[in-house]
Amino acid sequence: MIIVSDKAKDRILELKKEEGRTENENIRVSVKGGGCSGLMYDLGFDAKIVDTDHVFEDKGVKIIVDRKSLLYLAGTTLEFSDGLNGKGFQFVNPNASRTCGCGESFSV
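Everything numeric here is computed off the predicted structure, so don't read it as measured data.

Regarding unusual backbone geometry
Phi is positive for K59, close to 55°, though the residue is something other than glycine. Locating K59 in the fold gives a position in the loop between β4 (54-58) and β5 (61-65). We classify K59 as partly exposed; its relative accessible area is 39%.

This is the structure in structure tokens:
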């Protein structure tokens, strides 16, 4: 399961409205190879759900995760920060043994 913080939920709903997204478009979170630590997070809107996807809902936000990415993301919290150290979504991943300074890549 992926947990969504209140700030992340609010920002997702704002973005959905600003970008004119439909109710069928949900958040897709995945893991891809790359970044300075070996693996990178990918986050975006997606209306397509396939049979091998897992769908979670937290605080009214539906999150789609493919089977392979779920192995790396189980128990992760999606946060949003708008402070002085940068603005954007952040992943608090208990499976990550190392993360890079920007928080966009990790290794297990």
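Considering helix α1 (residues 6-18)
Across its 13 residues, α1 extends 18 Å between first and last C-alpha, which sits within 8% of the 18 Å expected from 1.5 Å per residue. Within α1, burial applies to A8, R11, I12, L15 and K16. Within α1, the buried residues cover an arc of 140° as seen down the axis, which keeps them to one side. Exposed positions of α1 whose direction lies more than 90 degrees from the buried face are K17 and E18. Positive phi shows up at G20, right after α1, with a value of about 65°.

Thoughts on the nonpolar core
Judged by nonpolar contacts, the single largest core of 20 residues is most densely connected at I12, V29, I63, V65 and L73. Looking at this core, the elements that each hand over two or more residues are α1, β2 (26-33), β3 (39-46), β5, α2 (67-73) and β6 (77-83).

What counts as what
- In every chain, residue numbers begin from 1 and rise along the written sequence.
- The predicted origin of the model limits local features to residues at a pLDDT of at least 70 and limits the giving and counting of side-chain atom pairs to 80 or more, whereas totals for whole chains, interfaces and linings rest on all residues.
- Side-chain metrics rest on all non-hydrogen atoms present in the structure, leaving aside hydrogens and water.
- The way it works is that DSSP assigns letters per residue, a run of H or I at least four long becomes a helix, a run of E at least two long becomes a strand, and they are numbered from the N terminus.
- Whether a residue is buried, partly exposed or exposed follows from its accessible area with a 1.4 Å probe, protein chains only, as a fraction of its type maximum: under 20%, in between, or over 50%, in that order.
- Multiplying 1.5 Å by the residue count of a helix minus one yields the expected span of that helix.
- It is the directions from the helix axis to the C-beta atoms that the arc portrays.
- As used here, the term nonpolar core means buried Ala, Val, Leu, Ile, Met, Phe, Trp, Tyr and Cys residues forming a set that is joined through side-chain atoms within 4.5 Å.

Coordinates in, geometry out; function isn't part of it.
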